[in-house]
Amino acid sequence: MGRCPNCGDGRLFGAYLKVRPVCEACGHDNGRYPSDDAPPYFTILIVGHLVVAPLLAFQVIWTIPTGLLLAILLPALAALTLTVLPIVKGAVVGVLWSLGKTPNA
């Protein structure tokens, strides 16, 4: 939902994927939760399963010309990836908050 995991009122992101260092509503230090590599990894895992499995399941995919298939799939993959990535990053920050994980803990 893009909200502060501590209070649920303040916004978590200041930009597309930039976590606000301090919540404007409760003052919680959200910048201390390291969510560096996990969100892209989980996003690739999710999007890969949502796209590759249907591609292998439907025989019509093998009859479409390759150029047309790529013209449809690449923008769809990019849009799906860019949509899922902030959701997953917020979830990773939320899980780290709930576990009380910090770089020094």
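Just above, that's the structure.
Being a predicted model, the structure only gives us computed values, none of them experimental. Each chain carries its own residue numbering, running from 1 in the direction its sequence is written. At least 70 in pLDDT is required for a residue's local features to be given in this predicted model, at least 80 for side-chain atom pairs to be given and counted, and no such filter applies to totals for whole chains, interfaces and linings, which use all residues. The basis for every side-chain value is the complete set of non-hydrogen atoms in the structure, without hydrogens or water.

Engineer: Just to check I follow, could you spell out the environment of D29 for this structure?
Structural biologist: Structurally, D29 is set in the segment before helix 1 (38-57). The buried label goes to any residue with under 20% of its type's maximum accessible area, the exposed label to any with over 50%, and the partly exposed label to all in between, with areas taken from a 1.4 Å probe on protein chains only. By relative accessible area, D29 is classed as partly exposed at 36%. Between the alpha carbons of D29 and L12 there is a distance of 10 Å; along the sequence they are 17 residues apart. Side-chain polar atoms of D29 contact the backbone nitrogen of G31, separated by 3.3 Å. The way it works is that DSSP assigns letters per residue, a run of H or I at least four long becomes a helix, a run of E at least two long becomes a strand, and they are numbered from the N terminus. Under the rule applied, a polar contact is a pair of N or O atoms within 3.5 Å (in protein, one hydrogen donor and one hydrogen acceptor; residues adjacent in sequence only if both atoms are side-chain atoms).

Engineer: I tried to follow a nonpolar patch on the surface on my own but got confused; where do I start?
Structural biologist: Like-charged residues are merged into a patch within 9 Å and nonpolar side chains (Val, Leu, Ile, Met, Phe, Trp, Tyr) within 5 Å, provided each residue has over 30% relative accessible area and no salt bridge. Surface exposure here means Shrake-Rupley accessible area, sampled with a 1.4 Å probe, where a residue is shielded only by the protein chains that are shown. Whenever Lys or Arg places a side-chain nitrogen within 4 Å of a carboxyl oxygen from Asp or Glu, that contact is recorded as a salt bridge. Together, Y41, F42, L45, I46 and L50 line one region of the surface with nonpolar side chains, adding up to about 480 Å² of accessible area. Tracing the backbone through its elements, the reader meets F42 in helix 1. The class of F42 is partly exposed, set by a relative accessible area of 36%.

Engineer: It is not clear to me how the environment of P40 should be interpreted in this structure. Could you clarify?
Structural biologist: Tracing the backbone shows P40 in helix 1. With relative accessibility at 37%, the residue P40 sits in the partly exposed group. Spatially, the C-alpha atom of P40 lies 27 Å from that of G27, the residues being 13 residues apart in sequence.

Engineer: Help me out: how do you make sense of the pattern of salt bridges in this one?
Structural biologist: Charged atoms that come close allow side chains of opposite charge to pair. In the structure shown here, the tally under the stated rule is 1 salt bridge. With its nearest N and O atoms 3.6 Å apart, the salt bridge here joins R20 to E24.

Engineer: I keep staring at the packing of helix 1 against helix 2 (residues 66-99) and nothing clicks. Help me out?
Structural biologist: Helix packing for two helices is described by the angle between their axes and how far apart those axes are. Running from amino to carboxyl end, helix 1 crosses helix 2 at an angle of 140°, the nearest separation of the two axes being 8 Å. Between helix 1 and helix 2, the interaxial angle falls into the category oblique. Along this stretch, helix 1 crosses helix 2, giving a crossing that reads as right-handed. Facing helix 1, whose interface residues are A38, P39, P40, F42, T43, I46, V47, L50, V51 and L55, helix 2 presents L73, L77, L80, T81, V84, L85, V88, K89 and V92. As a rule, the C-alpha atoms of each element are fitted with a line to give its axis, helices using only the stretch in contact, and angles between N-to-C directions run from 0 to 180 degrees. Working definition: roughly parallel below 35 degrees, roughly antiparallel above 145 degrees, roughly perpendicular at 65 to 115 degrees, and oblique for all remaining angles. Each crossing is labelled by how the near helix is turned from the far one, with a counterclockwise turn of less than a right angle marking it left-handed and a clockwise turn marking it right-handed. Pairs of residues are marked as contacts when any of their non-hydrogen atoms sit within 4.5 Å.

Engineer: How should the side chain of N30 be read in this particular structure?
Structural biologist: With respect to the helices and strands, the residue N30 is situated in the segment before helix 1. Contacts of N30, omitting those with residues within four sequence positions, involve C4, P5, L12, V19, R20, P21 and C23.

Engineer: Help me out: how do you make sense of helix 2 in this one?
Structural biologist: Over its 34 residues, helix 2 extends 46 Å from the first C-alpha to the last, a length consistent with the 50 Å expected when each residue adds 1.5 Å. A bend of about 25° at L85 is the largest found in helix 2, and the proline P86 appears one to four places after it. Within helix 2, burial applies to L69, V84, L85, P86, V88, K89, V92, V93 and L96. Contacts from the buried residues of helix 2 go to helix 1. Of the residues flanking the end of helix 2, it is G100, one or two places downstream, whose phi is positive at about 75°. By this rule the span expected of a helix is its residue count minus one, scaled by 1.5 Å. One axis fitted to the seven residues ending at a residue, another fitted to the seven starting there: the angle between these axes is the bend at that residue.

Engineer: Just to check I follow, could you spell out the nonpolar core for this structure?
Structural biologist: Soluble globular proteins tend to bury their nonpolar side chains together. L12, F13, V19, Y33, V47, V51, V84, V88, V92, V93 and L96 together form the largest nonpolar core, which totals 11 residues. Only helix 1 and helix 2 provide two or more residues apiece to this core. The element best represented in this core is helix 2, accounting for 5 residues. Not counting residues up to four positions away in its chain, the partners in contact with V19 are L12, F13, N30, K89 and V93. Side-chain atoms within 4.5 Å are what join buried Ala, Val, Leu, Ile, Met, Phe, Trp, Tyr and Cys residues into a set we call a nonpolar core.

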